[in-house]
Structure formats: structure tokens, C-alpha cells
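Here is how the chains run, residue by residue.
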Amino acid sequence: MEVKIEQSWKDALAGEFEKPYFASLVRFLHGEREQGFRVYPPGSQIFKAFELTPVDKVKVVILGQDPYHGPGQAMGLSFSVPDNVPAPPSLKNIFKEIESDLGIRMSGRPNLEKWASQGVLLLNAILTVRAGVAASHSKIGWEEFTDAVIKYLSDNCNGIVFLLWGNFARSKKALIDSSRHYVLEAAHPSPLARGAFFGCRHFSQTNNILISRGLAPIDWQL
């Protein structure tokens, strides 16, 4: 697997690509394909979050768990699916909260590339999945890689807003220096959380933080 990743991230994470766990991870993915399993997202999109949001552009991090495992859904950005795919339930709830929080109308477009291009790193902790089997690529090395990403941002940047939704994302709080960054926590937007996500107002809070730091707010409208 050739690692197609934007240069600033390639420089930042050079040490990770040389570690034994990463070589093992690549071997695992080759093995999946050799055994005839379909892997999502396509190889060219595994590092899409890094391509669209270079290190020095990161203003916000939205942490997901692992890619969608249905056909055509995963595109390398947490919570996002391509334009021709219906928005999954968690994303619909994110849109509902944005409408309520900001008083704007969302189009329902499920492709979040517009957010990524404004500095929102849409990072899944696990970057691949076997078709039809949720969390099937957990514990193969991705968590170690993405923990290193979070730690790098925490140690080398300032004032990033980390949005941690649900217990899994909140477990990453220990990697973030909260004296240098902003950490906003809420329930997961999944319907399984029974609406506990609603009312978190993370989108207005994020923009207020960015404005207070002299940065452009995120245009969340799609």
C-alpha cells in the first residue's frame, strides 16, 4: 500500500511510518484483499482527511471511531459520505443540531469536504474496515497511528477545538493538552444515545472560540 498523504502530514508523522506496527498494519490490509475481502474506504481515500486538511490549517478536530462499512459510504472523512449516498442517522442528527444551534437550514448534502477545506480535521481513530463488519479493523495498529496524530497536534499546535462525541472519542482526552487547546465533550450523535447529543451547541461554541482567537469561523452550512 503506497501511503498517499499530504506533505506536511508526511513530515509530521514520518517516524510513525517507520515503526514495526505500521508495517504490520500494511501487511494486514494486503492480506485482507488477498483473501478476497472488500476493504473500505478505497485505498486512494484512506488518508483523505489528511489530504484536505494540512497540519498548519487544522482549527477543529471531529473524532469518529471507524469508517462506515456499507457499500459506497466510507470516503476517508469521519461522519461524511459521498453526495450520492443518503446521510446516515448520526450525520442527520449532527445536521439537526447545527440547524437548532445556528438557526440555519442544512441542505442534507452528506459530503463534508467543505468543512475539511476550512480546517476541520475529520479524523476516524480507525481508518479502514472490512465490508459489512463494523470495527473489524480495530486493534490492527490504526489506533496507535491516530493517537500519534492527536498527540502531534496537541504538542505542536495551539488553540485547536477538539470535539469529542461519545465515550470512545472522550477516551482520547488524555492525549490532549487542555492548557493549550479547547476540548468540548458531548454524547454521540447516534440515535442510540436517545437524543443526548442535542443541545450541546458545539458548533456555535466552536465558532465563538475561533473568533475570540482572531480566526475565521467555520461555515457549517452545506
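Going along each chain's sequence as written, the residues are numbered from 1 onward. Confidence filtering applies because this is a predicted model: local features only for residues at pLDDT of at least 70, side-chain atom pairs given and counted only at 80 or more, and all residues used for totals across whole chains, interfaces and linings. The side-chain figures draw on all heavy atoms in the structure; neither hydrogens nor water molecules are used.

**As for the pattern of salt bridges**
Note on pairing: side chains with opposite charge can pair once their charged atoms come close. By salt bridge we mean one thing: a side-chain nitrogen of Lys or Arg within 4 Å of a carboxyl oxygen of Asp or Glu. All told, the structure shown has 11 salt bridges when counted by the stated rule. For arginine 201, the salt bridge is made with aspartate 101, and the minimal N-O distance between the two is 2.8 Å. Here arginine 201 is found in the loop between β6 (182–186) and α9 (202–212), whereas its partner aspartate 101 is found in helix α5 (residues 89–102), with 100 residues between them in sequence. Notably, a salt bridge pairs glutamate 185 with arginine 170, separated by 2.9 Å at the nearest N-O pair. Taken together, the positions of glutamate 185 in strand β6 and arginine 170 in helix α8 (residues 166–170) put the pair 15 residues apart, joining distant regions of the chain. Glutamate 185 gets classed as partly exposed once you look at its relative accessible area, which sits at 30%. Linked by salt bridges that have partners in common, Arg170, Lys173 and Glu185 make up one network. Note on conventions: DSSP H or I runs of at least 4 residues are helices, E runs of at least 2 residues are strands, and numbering of each starts at the N terminus. Only protein chains enter the accessibility calculation, which uses a 1.4 Å probe. A residue is then buried if its area is under 20% of the maximum for its type, exposed if over 50%, and partly exposed in between.

**Comments concerning the nonpolar core**
Formed by 67 residues in total, the largest nonpolar core has its most connected members in Trp9, Trp115, Trp142 and Phe145. Residue contacts for tryptophan 9: discarding those within four places in its chain leaves Phe50, Thr53, Pro54, Val55, Val58, Leu121, Val149 and Leu153. Only buried Ala, Val, Leu, Ile, Met, Phe, Trp, Tyr and Cys residues count toward a nonpolar core, and they belong to the same one when joined by side-chain atoms within 4.5 Å. Contacts are assigned to residue pairs with any non-hydrogen atoms lying within 4.5 Å of each other.

**Overview of empty space enclosed by the protein**
Detection works on a 1 Å grid of protein atoms alone, calling trapped sets that fit a 1.4 Å probe cavities and calling open sets with protein on both sides within 12 Å along at least five of seven lines pockets, with lining residues defined by an atom within 4 Å of a point. Grid points are joined across faces, edges and corners, and a volume is the space filled by probe spheres set on the points. Under the definition given, this model contains one cavity of 30 Å³ or more. Put simply, the largest cavity is a space of about 40 Å³. In this structure, the largest cavity is lined by Pro41, Ile46, Pro67, Ala74, Gly76, Leu77, Asn124, Ile126 and Leu127. When residues are grouped by polarity, Ala, Val, Leu, Ile, Met, Phe, Trp, Tyr, Cys and Pro land in nonpolar, Asp, Glu, Lys and Arg in charged, and all others, Gly among them, in polar. When its residues are assigned to classes, the lining of the largest cavity shows seven nonpolar, two polar and no charged.

**Some thoughts on the environment of leucine 25**
Within the fold, leucine 25 resides in helix α3 (residues 20–34). Judged by relative accessible area, leucine 25 falls into the buried class, the value being 0%. With sequence-adjacent residues up to four places away left out, leucine 25 is seen in contact with Ile140, Gly141 and Trp142.

**Regarding the pairing of strand β5 (residues 161–165)**
Along β5, five of the five residues are buried, which leaves the element largely enclosed by surrounding structure. Burial of the side chains of β5 extends over both faces: Val161, Leu163 and Trp165 are buried on one face and Phe162 and Leu164 on the other. As paired elements, strand β2 (residues 60–64) and β5 share four bridges and run parallel to each other. Residue pairing in the sheet places isoleucine 62 in a bridge with leucine 163 of β5. As paired elements, β5 and β6 share five bridges and run parallel to each other. Across the sheet, residue valine 161 finds its bridge partner in β6, namely tyrosine 182. A pair of strands counts as paired when DSSP detects no fewer than two bridges linking them.

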